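Read off the chains here:
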Amino acid sequence: MTADPEIKVYTVLPGDQFIILASDGLWDVFGNKEAVDLVRRRPRADAAEALVAKAIKKGSSDNVTAVIVWLDWGTKM
């Protein structure tokens with residue numbers, strides 16, 4: 001176990017819809033595209049919970065936490 005987080009830097013562009021922040025328990029069983037596809041198919045209010053539930057169903061043996069950051073780029077919700 002390490003206390004050093006894995007950090008990646010990306011440029012967020014106006015066409016980007018959301019950012020998925022999740023623990024390794026989610027990424028152990030999900031690929032990037034699969035996670036993005038699942039989030040796009042779900043209502044915003046359910047997307048993070050759906051990711052966590054699916055990761056557990058897929059057999060993740062680690063802690064599973066997910067947060068979706070929606071990028072509305074100044075649009076009204």
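Reading the values: the criteria
- Residues numbered from 1 in each chain as written.
- Predicted model: local features only at pLDDT ≥ 70, side-chain atom pairs only at ≥ 80, totals over all residues.
- Heavy atoms only, no water.
- Salt bridge = Lys/Arg side-chain N within 4 Å of Asp/Glu carboxyl O.
- Helix = DSSP H or I, 4+ residues; strand = E, 2+ residues; numbered from the N terminus.
- Buried < 20%, exposed > 50% of the residue type's maximum accessible area, 1.4 Å probe, protein only.
- Contact = heavy atoms within 4.5 Å.
- Axes fitted to C-alpha atoms, helices over the stretch in contact; angles between N-to-C directions.
- Parallel < 35°, antiparallel > 145°, perpendicular 65-115°, else oblique.
- Left-handed = near helix turned anticlockwise from the far one by under 90°.
- Nonpolar A, V, L, I, M, F, W, Y, C, P; charged D, E, K, R; others polar.

Draft legend 1. Main features of the pattern of salt bridges. Per the stated rule, a full pass over the model turns up 3 salt bridges. Here Glu34 ties to Lys58 by a salt bridge, and the two come within 2.7 Å at their closest N and O atoms. Here Lys58 lies in the loop between helix H3 (44-57) and strand S2 (66-70) and Glu34 lies in helix H2 (residues 32-41), a separation of 24 residues in the sequence. Looking at Glu34, the relative accessible area reads 34%, which means it is partly exposed. When the shortest N-O distance is used, the salt bridge between Arg44 and Asp72 registers 2.7 Å. With Arg44 in helix H3 and Asp72 in the segment after S2, the pair connects residues that are 28 residues apart, well separated along the chain. The class of Arg44 is partly exposed, set by a relative accessible area of 37%.

Draft legend 2. Examining the environment of Ala50 more closely. Along the chain, Ala50 turns up in helix H3. Linking Ala50 and Val12, residues 38 residues apart in sequence, is a C-alpha distance of 24 Å. Discounting residues that sit within four places of it in the chain, Ala50 has contacts with Leu38 and Arg42.

Draft legend 3. Structural context of the packing of H2 against H3. The interhelical angle for the contact between H2 and H3, taken along N-to-C directions, is 135°, at an axis separation of 9 Å. As summarised for this structure, H2 and H3 are arranged oblique, according to the angle between their axes. Crossing geometry of H2 relative to H3 is assigned as right-handed. Here Ala35, Leu38 and Val39 of H2 come into contact with H3, specifically with Ala47, Ala50, Leu51 and Lys54. For the contact of H2 with H3, the per-class residue count stands at 6 nonpolar, no polar and 1 charged.

Draft legend 4. How the structure looks around the environment of Ala66. Mapped onto the elements, Ala66 comes out in strand S2. Using a relative accessible area of 14% as the deciding quantity, one classes Ala66 as buried. C-alpha of Ala66 to C-alpha of Leu26: the two residues are 40 residues apart in sequence and 7.6 Å apart in space. Contact partners of Ala66, with chain neighbours within four places excluded, come to Leu21, Ala22, Leu26, Ala48, Leu51 and Val52.

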